[in-house]
Structure formats: structure tokens, C-alpha cells
Amino acid sequence: SSRRAPPSDAPPARRHRTSNAHEMAMTLSTTSFGDVGALTSRRGGKTRRAAAAAVVVASKAKEVHLLDYGAGNVRSVRNAITKLGFTVIDIAKPEEIARADRLIFPGVGAYGSAMDVLKARGLVDPLRDYVASGKPFMGVCLGLQLLFDGSEESGGVEGLGVIPGTVGRFTGDDLIVPHIGWNTLDVRKDTGLLSDVPDGDRLYFVHSYRAVPEKANEDWVLATCDYGGEFIAAVQKGEVTACQFHPEKSGEKGIGIFKNFLEGNANAREAAGDGARSRSKSDRVATDRGLAKRVIACLDVRSNDNGDLVVTKGDSYDVRESSSDGGDVRNLGKPVELAGKYFEQGADEVAFLNITGYRDLPLTDAPMLEVLRRSSETVFVPLTVGGGIRDFTDSNGVSYTSLEVASAYFSSGADKISIGSDAVYVAEAYYASGGKKDGTTSVEQISERYGNQAVVISIDPRRQYVKDPKDTKNKTVKTSRPGPNGEEHVWFQCTVMGG
């Protein structure tokens with residue numbers, strides 16, 4: 001079953017102490033403009049200035065600065081913030097970091113690429129200074145790793161040096177890397193940030209490198225996770241927080257983590273005896289822990305004869321109704337609506353496959369990009385998209401790289417891209433060269449820019465029957481489903497271009 005239950009009615013929210021400014025903002029939000037005007041006219045200029053100042057305070061209380069350095073999908077982070085009623089202010093210049101009252105730093109991709117961009121834009125020292133100031137800060141995924149001294153990734157790269165330790169690659173016998181999926185936390189201390197995540201609940205991880213707890217950073221460690229050994233899942237010191245998992249992809253629990261940070265409750269400690277959680281080893285062992293199996297809703301999407309995108313299914317690539325039923329593309333529903341439905345029912349991930357994407361340049365496929373944008377507004381689990389991700393030259397002779405195509409998908413809301421046909425060509429070239437990589441393929445370029453966890457290879461196989469295994473150089477298996485001429489052996493051929 002799915003690692004997460006479908007969203008249920010939320011329990012009554014706990015009350016937290018608020019600052020006078022926040023209380024004033026809440027008061028103003030429940031006061032009509034007419035009432036404010038009446039108060040102003042009765043009480044004169046000082047009250048008028050105080051009311052105006054309170055409006056400014058109320059506005060700033062609902063703002064958060066976002067440091068988007070252009071790597072991967074941060075649209076879902078924006079949507080999570082917007083869902084909670086906050087306004088996103090983008091950091092455009094280094095000096096704007098110091099003016100932020102709250103700062104979220106989401107990171108996706110390779111450590112070296114991220115640090116190169118931060119250095120080129122002059123953001124390293126302002127970001128380091130902001131974190132040192134102790135003002136509210138939240139890093140996500142790579143935004144956590146960059147806080148450490150450095151990383152083994154990209155040949156060894158220096159980080160921001162805020163937290164002691166070096167980020168290293170997952171290692172272990174038979175350990176699958178990247179670490180992708182829904183995993184449990186061991187929370188080491190009670191703070192408000194994770195107060196809505198019960199023991200045994202799972203959050204979404206996707207990464208190949210991790211930081212490990214050690215004596216020098218133990219005062220930072222908020223929670224750990226286990227995958228081939230213990231690693232740091234979240235850190236916190238005062239109002240400075242960061243998490244290795246993706247709250248924006250962890251469903252309602254993840255949205256709750258953002259809520260606690262944005263509303264200033266991240267550092268609020270639970271009162272002993274009032275919902276405080278036990279951290280004993282015996283309690284943790286008794287809970288089902290570790291990676292869960294995932295339920296992934298896969299939607300084949302294409303245009304019907306009216307030009308509308310629909311979800312469809314077919315038999316051997318035939319997605320049309322019979323001629324007696326009109327012969328139109330089989331319509332099983334609208335992509336955005338179905339994605340939202342599956343999310344509400346508990347799906348752990350949603351994948352869109354544009355099954356005619358190989359015909360046209362995806363950069364000009366505005367409806368598919370819009371599907372991603374709209375889905376990411378309401379679907380807070382990972383979104384994968386595939387179809388037509390390859391180097392492309394349009395009818396005007398303008399060439400586009402597969403990296404540019406993938407970037408368009410990522411900026412529209414995708415977390416992972418799925419490569420099908422082009423992956424077959426990449427494999428053929430790899431074997432033809434004697435197993436040598438040249439760094440120019442779609443798989444290599446996108447993995448280098450966004451991290452290999454962002455690239456999915458989609459295999460579309462077709463049976464090829466043979467009477468005798470000696471009739472082919474390919475590996476065969478004996479099948480219980482004989483071929484059309486009674487063949488008992490079969491090998492599987494990778495297909496391209498929709499079969």
C-alpha cells in the first residue's frame with residue numbers, strides 16, 4: 001500500500017504564542033476597510049500613522065524571501081508557500097539577502113554546480129552572513145548540504161562552512177544509489193519544526209550524497225534517517241533550519257513543516273507531558289521503519305482530435321476508439337484533474353508521459369508545460385514527465401539541446417524527467433564505442449546539471465520470438481507464451497518513437 005494515507009480532516013490547530021506585531025496583523029486582517037477608516041477619523045493623525053505602519057507590518061509578516069539560483073524545480077516550493085498564504089519575494093541581488101526577514105534556500109542538483117553559481121552571483125558571503133545572524137532560515141535538500149564544510153561530490157568542493165563535516169556519497173554493499181523514496185525519521189530533539197510529523201511517518205528523500213552525525217556537529221542535528229547507515233535528515237539551531245528531505249514533495253505533513261517555519265513556530269518546544277514524543281530506542285524499533293514501497297500513478301497524455309490534452313490508454317500503441325464509436329482518441333479524463341485525484345487518494349508520485357512528444361519540440365508544447373504548472377499547484381508529491389527529451393532542430397533550423405528541453409520541464413514543475421527513445425540511442429552509442437562516455441549525451445548532461453536522481457530511464461520493450469536461442473546474439477528466455485509460429489524462445493527489444 002501507499003506509504004501515506006489520503007489526507008484526512010486536520011485536527012484543531014494548536015495555539016502558539018505570537019508577537020504583538022503578529023497579533024496586530026491578525027486583528028487587521030479581520031477588520032474591514034470601513035472600520036479602519038472610522039477609527040482613523042475618530043482618533044486623528046497618530047492612529048492613522050499607526051494603522052498604516054500596522055498594515056506594513058502585516059504585509060511583511062506574510063512575506064518570505066526565496067533564493068532560487070536556477071537549479072531544478074523550485075516551483076513546488078513556491079506553490080507550498082503560496083498555499084499557506086505567504087508572498088514569495090525573489091532574491092535578485094546579493095544585497096537583498098541581508099534585508100530578508102525569512103529566507104528559504106531550496107537546492108537541487110550537483111554540489112559543485114550550485115557553489116559555482118553562488119560564487120558567480122556573489123551570493124556566498126551574504127548567504128553565510130545571513131545564516132550567522134540567526135534570522136529565520138530554511139534550507140532544503142542541497143540547501144542543507146551546502147551549509148557543511150564541503151562535499152566529495154564534483155571532485156571535492158568547499159561549502160559555506162556553517163556546519164562542521166563533509167558530505168559524502170552513500171556507500172554499502174548492494175546499496176542502491178540514489179536514495180529515493182519515503183523514509184522515516186529518528187527525531188533527536190523536540191522543536192516546533194517537526195511537531196506535526198508523528199514517529200513512523202515518512203517524508204520524501206531523493207539524493208546520492210549525505211552528511212553524517214559526528215561529535216563536531218551534534219548540536220546541530222535535529223533528526224536522522226537510516227539508509228545504509230545513519231545520516232543527517234534535518235538540522236536546527238535556533239531559527240536556522242534545514243532538511244535533507246523535500247517538504248514540498250512530502251504531502252500534507254511536508255506542508256505542515258513549511259507552515260511551522262513560516263509562522264515562526266519552528267523553535268517552539270513542546271511542553272513536557274503535552275504531546276512530547278519519546279525518543280527511546282525501544283519505541284523506535286517497535287515502529288515500521290525504513291523505505292516504503294511506492295504507489296506511482298502513470299498517466300499517458302496526448303492531444304485528441306480537438307487539440308485538447310487527455311489521459312488515454314491503448315493496446316499496442318492504438319489509443320483510438322473503434323470506428324463505430326467515432327474513432328477519436330480514447331479519453332479517460334483531464335491530466336490535471338486526475339493527478340489531483342490520485343494525490344488525494346494517496347499516490348506517492350505522479351508520472352506524465354507525453355506519448356506523442358517524440359513528434360514535436362516539447363519547448364513549443366505549451367499545453368503540456370501548463371499541465372505541469374497547474375498540477376504542481378495542488379499535487380505535493382514528486383512529478384515526473386517524459387516524452388521528446390532529446391536534442392532537436394526545429395523547422396527553422398534552430399537547434400535545441402536535450403538539457404534545454406529538460407530545463408523547460410523542470411522550471412514548469414517537474415521533479416524528474418523520463419528519457420525513453422534517446423536513452424536507447426545513447427546505449428547503442430555507448431556499446432559501439434567500447435563502453436566509453438563522452439559527456440555529450442542527454443543522460444550525462446542532464447545528470448551533471450540536475451543530479452542523477454533527476455533522470456529516469458524508461459524502457460519500452462517488445463517481444464521478439466526465435467525458434468532457437470542460437471538464432472540471435474541477444475539473451476533469450478524460454479517463454480510460456482509461444483510465438484505466432486510456435487516459437488518457445490524470446491528476447492526483448494527496446495523500442496523507440498512510440499514502437
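Model, not experiment: these values are computed from the prediction.

Looking at the pairing of strand E15 (residues 296–303)
Okay, so step 1: Sheet analysis places E15 next to strand E17 (residues 349–354), joined by six bridges and oriented parallel. Paired with Ile296 across the strands is Glu349, a residue of E17.
Okay, so step 2: One ladder, built from four bridges, connects E15 with strand E16 (residues 309–312); its direction is antiparallel. Opposite Ser303, over in E16, you have Leu309 as the bridge partner.
Okay, so step 3: From the end of E15 to the start of E16, which pair antiparallel, there are five residues, and Gly307 there has a positive phi angle of about 90°.

Thoughts on the environment of Gly161
Okay, so step 1: Along the chain, Gly161 turns up in the loop between strand E6 (157–158) and strand E7 (163–169).
Okay, so step 2: We classify Gly161 as partly exposed; its relative accessible area is 41%.
Okay, so step 3: Distance in space between the C-alpha atoms of Gly161 and Arg128 is 8.1 Å, their sequence separation being 33 residues.

A short note on the sheet that holds strand E3 (residues 103–107)
Okay, so step 1: The strand order E2-E1-E3-E4-E14-E13-E12-E9 describes an open sheet built from eight strands, whose pairing is mixed. Each edge of the open sheet carries a strand with a single partner, namely strand E2 (87–90) and strand E9 (186–187).
Okay, so step 2: Summarising the sheet, E9 and strand E12 (residues 221–226) pair through two bridges and their orientation is antiparallel. Note on E12: the bridge partner recorded for Val187 is Ala223.

Regarding the nonpolar core
Most often, soluble globular proteins keep nonpolar side chains buried together rather than apart.
Okay, so step 1: Ile104, Phe352, Tyr409 and Ile417 are the most contacted members of the largest nonpolar core, which has 69 residues in total.
Okay, so step 2: By residue number, the principal contributor to this core is helix H8 (residues 251–262), which donates five residues.
Okay, so step 3: Core analysis: the second largest hydrophobic core is formed by 34 residues, Leu123, Ile163, Ala211 and Val221 among them.

Reading guide: rules and limits
- Residues numbered from 1 in each chain as written.
- Predicted model: local features only at pLDDT ≥ 70, side-chain atom pairs only at ≥ 80, totals over all residues.
- Heavy atoms only, no water.
- Pairing = 2+ DSSP bridges.
- Helix = DSSP H or I, 4+ residues; strand = E, 2+ residues; numbered from the N terminus.
- Buried < 20%, exposed > 50% of the residue type's maximum accessible area, 1.4 Å probe, protein only.
- Core = buried A, V, L, I, M, F, W, Y, C linked by side-chain atoms within 4.5 Å.

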